[in-house]
Amino acid sequence: MQAKLSTMFQSLRVRNYRLFATGQLIKLIGVWMMFIAQDWLVLELSDNSATALGVVTALQFTPVLLLTLLSGRLADRYDKRMLLFVANAFWTVLALGMSLLVVTGVVQLWHVFAFAALLGVANAVETPVRQAFVSELVGVPLLPNALSLNAAVFNSARIVGPAVAGLAIAAFDVGPVFMFTALSSVAPLVNVVRMRPAELHRKDLPPAGERDQARVVDGLRYVARRPDLLLPMVVMSVIGMSLFNFQLTLAALAKTVFQTGAASFGLFSTALAVGALVGALAGTGRRSRPSVWLVLGAAIGCASFGTLVGLAPAYWLVATLLLPTGFFMVFFAQAANQRVQLGVDASFRGRVMALWVLVFLGTNPVGAPIIGWVAERYGAGASIWIGGLISLAAALLALTWQLRRSGARLRMRVLPMPRFYVVSASHE
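Definitions and cut-offs
Residues numbered from 1 in each chain as written. Predicted model: local features only at pLDDT ≥ 70, side-chain atom pairs only at ≥ 80, totals over all residues. Heavy atoms only, no water. Helix = DSSP H or I, 4+ residues; strand = E, 2+ residues; numbered from the N terminus. Buried < 20%, exposed > 50% of the residue type's maximum accessible area, 1.4 Å probe, protein only. Axes fitted to C-alpha atoms, helices over the stretch in contact; angles between N-to-C directions. Parallel < 35°, antiparallel > 145°, perpendicular 65-115°, else oblique. Left-handed = near helix turned anticlockwise from the far one by under 90°. Contact = heavy atoms within 4.5 Å. Nonpolar A, V, L, I, M, F, W, Y, C, P; charged D, E, K, R; others polar. Patch = residues over 30% accessible without salt bridge, like charges linked within 9 Å, V, L, I, M, F, W, Y side chains within 5 Å. Areas by Shrake-Rupley, 256 points an atom, 1.4 Å probe, with all protein chains shown as cover. Salt bridge = Lys/Arg side-chain N within 4 Å of Asp/Glu carboxyl O. pLDDT = per-residue confidence, 0-100. Expected span 1.5 Å × (residues − 1). Phe/Tyr/Trp six-rings, centres within 6.5 Å; stacked < 30°, edge-to-face > 60°.

## Topic: the environment of P313
And then number 1: Relative to the assigned elements, P313 resides in the loop between α14 (292–311) and α15 (315–341).
And then number 2: Using a relative accessible area of 70% as the deciding quantity, one classes P313 as exposed.
And then number 3: Along the sequence, P313 and F258 sit 55 residues apart, while their C-alpha atoms lie 9.6 Å from each other.

If you want it as structure tokens, here you go:
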């Protein structure tokens, strides 16, 4: 047991990665608290409008759609550590400004819209750089473990943040939550400065002269020539657009369908995050590149349980189903991320991961307003199960395409006592 735990957290032995993960955990707890407070504030300012929630989500992710590929080019040309510092500093200033507006009571809906858009700019720069920076922190051998721990950090914050935010909003209103977010965002700034540049793994990077020639279009062509990278990105783009809008849909579901308060909304988010944390930890022992079958199987599981969440008629059943939904959601996203990261050349990593972030987050501006409109017109539950069915169709189509392309066939076998049915792919 002790050896297994040691293997699960082995990336934390690397000082630079330990600083990185600690700073991210502190910041992300505040970020998730802010997301809950922001959604609750929007509902209060807009008379419970799901469409307004969709607009905020779209504004928050539109810069990701517009700027992420350029950020990937920056990541392949300049010092990622310095870029992270600048992006996080911008985020800190934004969070402090928004918290002052909320605490003083002068905040209006357009303030939230503007804040969401500017926050998106910071995320558009920071996210692809952070994704590409992990390989420099630990090196390729530890990269699968570090990526899984990143997901674990993210979902640990996702458990703590919404739960604390729901109670804090009920006790103190949204102002103190925004203020805590601003203070917590200082942690990654401090820890980035404390890192030791000499211990970064940069030997696989091309010379500075070649990095200066890095172009966005070359990264796109590189992915287009690689079906093994393109397939998980296409599936992620569909699922990200149609199903990964729980920040929007769970808020609407809690308040408009089950007529619950902020604390109960936080419970929905926490249930999703608990499952997600287990899904993230399930991948920490991975030592090699995940197979395409693992990625597609996890996508089908995610879409199936997501559909059931939207169809569930009772509050307790939604909370229960969110556990496996969160598990498969992160297990799929993490397996797809690892398949991309472990299959890309170091010289293209920044641009390829920028494209990954684009399909993972940048599809939200397209999907969020539509999901918000469906939730307002047909109900929050419908917006979830419709997205789940679209995701399931995409995953099954991708599976069919991969089977035909590879010449493999699905086989089902029964394992002896206890009886488990295992589906695997094999070649003729």
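Next comes the rest of the description.
## Points about the packing of helix α4 (residues 80–103) against helix α8 (residues 186–194)
And then number 1: Between α4 and α8, the least distance of the axes is 9 Å, while the angle of their chain directions is 155°. When the axes of α4 and α8 are compared, the pair comes out roughly antiparallel. Once α4 is placed against α8, the crossing between them reads as left-handed. Judged by residue contacts, R81, F85, N88, A89 and T92 of α4 engage V186, P188, L189, V192 and V193 from α8.
And then number 2: Grouping the constituent residues of the contact of α4 with α8 by class yields seven nonpolar, two polar and one charged.

## Structural notes on a nonpolar patch on the surface
And then number 1: A grouping of L65, L66, L67, L70, M241, V366 and I370 is seen on the molecular surface, where their side chains present a nonpolar patch of about 600 Å² in accessible area.
And then number 2: Only α3 (50–77) and α17 (364–378) provide two or more residues apiece to the nonpolar patch.
And then number 3: In terms of residue count, α3 provides more of the nonpolar patch than any other element does, four residues in total.
And then number 4: Positionally, V366 belongs in helix α17.

## Points about the environment of Y315
And then number 1: Within the element layout of this structure, Y315 appears in helix α15.
And then number 2: As a C-alpha pair, Y315 and F258 span 57 residues in sequence and 6.8 Å in three-dimensional space.

## As for the confidence of the model for the protein chain
And then number 1: Mean pLDDT for the protein chain: 81, with 88% of residues reaching 70 or above.
And then number 2: Across the protein chain, element-level confidence peaks in α14 with a mean pLDDT of 94 and bottoms out in helix α9 (residues 208–211) with 49.

## Quick word on the pattern of salt bridges
And then number 1: All chains considered together, the criterion is met by five salt bridges.
And then number 2: For K80, the salt bridge is made with E136, and the minimal N-O distance between the two is 2.7 Å. Placement of K80 in helix α4 and of E136 in helix α5 (residues 109–138) is noted, with a sequence separation of 56 residues between them. Assigned by exposure class, K80 and E136 land together as buried.
And then number 3: The partner of D228 in a salt bridge is R289, with the nearest N and O atoms 2.6 Å apart. Separated by 61 residues along the polypeptide, D228 in helix α11 (residues 227–242) and R289 in the loop between α13 (262–282) and α14 bring together distant segments of the chain.
And then number 4: Since its relative accessible area comes to 18%, D228 is described here as buried.
And then number 5: Residues joined in a network through salt bridges with shared partners are R226, D228 and R289.

## Digging into helix α6 (residues 143–172)
And then number 1: In a regular helix each residue adds 1.5 Å, so 30 residues correspond to 44 Å; α6 covers 41 Å between its end C-alpha atoms and thus fits that length.
And then number 2: Just downstream of α6, D173 is the residue with a positive phi angle, here 75°.

## Let's talk about the environment of I159
And then number 1: Relative to the assigned elements, I159 resides in helix α6.
And then number 2: Taking the C-alpha atoms as reference points, I159 and V274, separated by 115 residues in sequence, lie 6.1 Å from one another.
And then number 3: The contacts of I159, once residues within four sequence positions are left out, are T270, A273, V274 and L277.

## Brief notes about the packing of aromatic side chains
And then number 1: Counting across every chain of the model gives nine aromatic pairs.
And then number 2: Considering the side-chain rings of W32 and F35, the 5.4 Å spacing of their centres and the 85° angle between planes classify their relative orientation as edge-to-face. Here W32 pairs with F35, and both are found in helix α2 (residues 15–45), just three residues apart, close to one helical turn.
And then number 3: In this structure W32 comes out as buried when scored by relative accessible area, which is 9%.
And then number 4: On the basis of relative accessible area, F35 is assigned to the buried category, the value being 10%.
And then number 5: Here F327 and F331 contribute two aromatic rings whose centre-to-centre distance is 5.6 Å and whose plane-to-plane angle is 10°, an arrangement assigned as stacked. Of the two residues, F327 and F331 are both situated in helix α15; the distance of four residues between them amounts to about one turn of the helix.

## Focus on the packing of α2 against α5
And then number 1: Contact geometry of α2 with α5 gives a least axis separation of 13 Å together with a crossing angle of 160°. If you check the angle between α2 and α5, you find them roughly antiparallel. The chirality of how α2 crosses α5 is left-handed. From α2, N16, Y17, F20, Q24, K27, M34, F35, Q38, L41, V42 and L45 reach across to α5, where they touch L109, V112, F115, L119, E126, R130, V134, L137 and V138.
And then number 2: A breakdown of the residues in the contact of α2 with α5 according to their chemical character gives 14 nonpolar, three polar and three charged.

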